[in-house]
Amino acid sequence: NAGVTQTPKFRILKIGQSMTLQCTQDMNHNYMYWYRQDPGMGLKLIYYSVGAGITDKGEVPNGYNVSRSTTEDFPLRLELAAPSQTSVYFCASSSRSLSEKLFFGSGTQLSVL
Amino acid sequence: EDKVVQSPLSLVVHEGDTVTLNCSYEVTNFRSLLWYKQEKKAPTFLFMLTSSGIEKKSGRLSSILDKKELFSILNITATQTGDSAVYLCAVHCRDDKIIFGKGTRLHILP
């Protein structure tokens, strides 16, 4: 099983550029989450989704957008990249029956210069 | 504002020691408290606690929740170098948000 797959693994952006971080899961999970992790810090929730067509803001949504058109995919969009968005981004998913047990992707290391 | 506070932020002990990691929380609509372990990359799930006073145990790791005082502890006995990691505490809220603390970075010396 692939689990949660994130692409790309690494990316360098220039200030003002846009990009989409891809996340897909093959476990038929209803819940999906996007977190960012700055060096030496915990995870901050950006956006989450409890099912296709439903998205909600987390703790730090500014500068990001998401969509959830299918159960499998939950892409994260950065419209105008800023140095403050340099971070490691993790996508995670969980099932409705055990929504607390998050399965994480391997992360995307993003640098904005 | 919902928050999860962990202490200490870092800890260095010798192999064989016992450690206690702390987590306190202030959230609206508490549903459960979670512990995760993060080694090199992505966090992995350890425990979910929903009821006060009931210990969850897995090998040398155990955890307990106090919903009156709004805290949890994670104990690791007879530590091994493989226990070196960042331990993350999180709270699952009834609106399905999962909020994490900053983590405790644990280093076990051989």
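Keep in mind the model is a prediction, meaning the values are calculated, not measured.

Asker: Any chance you could break down the overall build of chain B for me, citing the residues and the numbers?
Answerer: Each helix and strand counted, chain B has 0 helices and 11 strands in total. In summary, chain B has a C-alpha radius of gyration of 13 Å against a globular reference of 13 Å for 110 residues, a match within 12%. Expressed along its principal axes, the backbone C-alpha trace of chain B runs to roughly 40 × 30 × 20 Å. With 110 residues in all, chain B has 45% of them scored as buried. Put simply, 54% of the contacts in chain B that link residues at least 6 apart link residues at least 24 apart. Split by element, the accessible area of chain B, about 5400 Å² in all, is 50% carbon and sulfur.

Asker: Quick one: what's the story with the interface of chain B and chain A, residue by residue and with numbers?
Answerer: Across the contact, 21 residues belong to chain B and 22 residues belong to chain A. The tally of links from chain B across to chain A stands at 1 salt bridge. For Glu100(A), the salt bridge goes to Arg31(B), with nearest N and O atoms at 3.6 Å. For the pair chain B and chain A, the number of links is 10 residue pairs in polar contact (both at pLDDT 80 or more). At the level of elements, β4 (30-38), β5 (43-49), β9 (85-93) and β10 (98-100) of chain B are the ones that each hand at least two residues to the side of chain B that touches chain A. The element that contributes the greatest number of residues to the side of chain B that touches chain A is β4(B), accounting for 5 residues. Tallied by class, residues from the side of chain B that touches chain A come to 10 nonpolar, 4 polar and 7 charged.

Asker: Describe in detail the state of the cysteines, supporting the description with residues and values.
Answerer: Residues and elements named next belong to chain A. Per the stated rule, a full pass over the model turns up 2 disulfides over all chains. Across the disulfide from Cys 23 sits Cys 91; the S-S distance is 1.9 Å. Torsion about the S-S bond of the Cys 23 and Cys 91 cystine: about -70 degrees, corresponding to left-handed handedness. In this pair, Cys 23 sits in strand β3 (residues 19-25) while Cys 91 sits in strand β9 (residues 87-94), placing the two residues 68 residues apart along the sequence. Judged by its relative accessible area of 2%, Cys 23 falls in the buried class. Residue Cys 91 is classed as buried on the basis of its relative accessible area, which comes to 0%.

Analysis parameters
- Residues numbered from 1 in each chain as written.
- Chains lettered and ligands numbered in written order.
- Predicted model: local features only at pLDDT ≥ 70, side-chain atom pairs only at ≥ 80, totals over all residues.
- Heavy atoms only, no water.
- Helix = DSSP H or I, 4+ residues; strand = E, 2+ residues; numbered from the N terminus.
- Rg over C-alpha atoms; globule rule 2.2 N^0.38 Å.
- Buried < 20%, exposed > 50% of the residue type's maximum accessible area, 1.4 Å probe, protein only.
- Contact = heavy atoms within 4.5 Å.
- Areas by Shrake-Rupley, 256 points an atom, 1.4 Å probe, with all protein chains shown as cover.
- Salt bridge = Lys/Arg side-chain N within 4 Å of Asp/Glu carboxyl O.
- Polar contact = N/O pair within 3.5 Å; in protein donor to acceptor, adjacent residues only side chain to side chain.
- Nonpolar A, V, L, I, M, F, W, Y, C, P; charged D, E, K, R; others polar.
- Disulfide = S-S within 2.5 Å.

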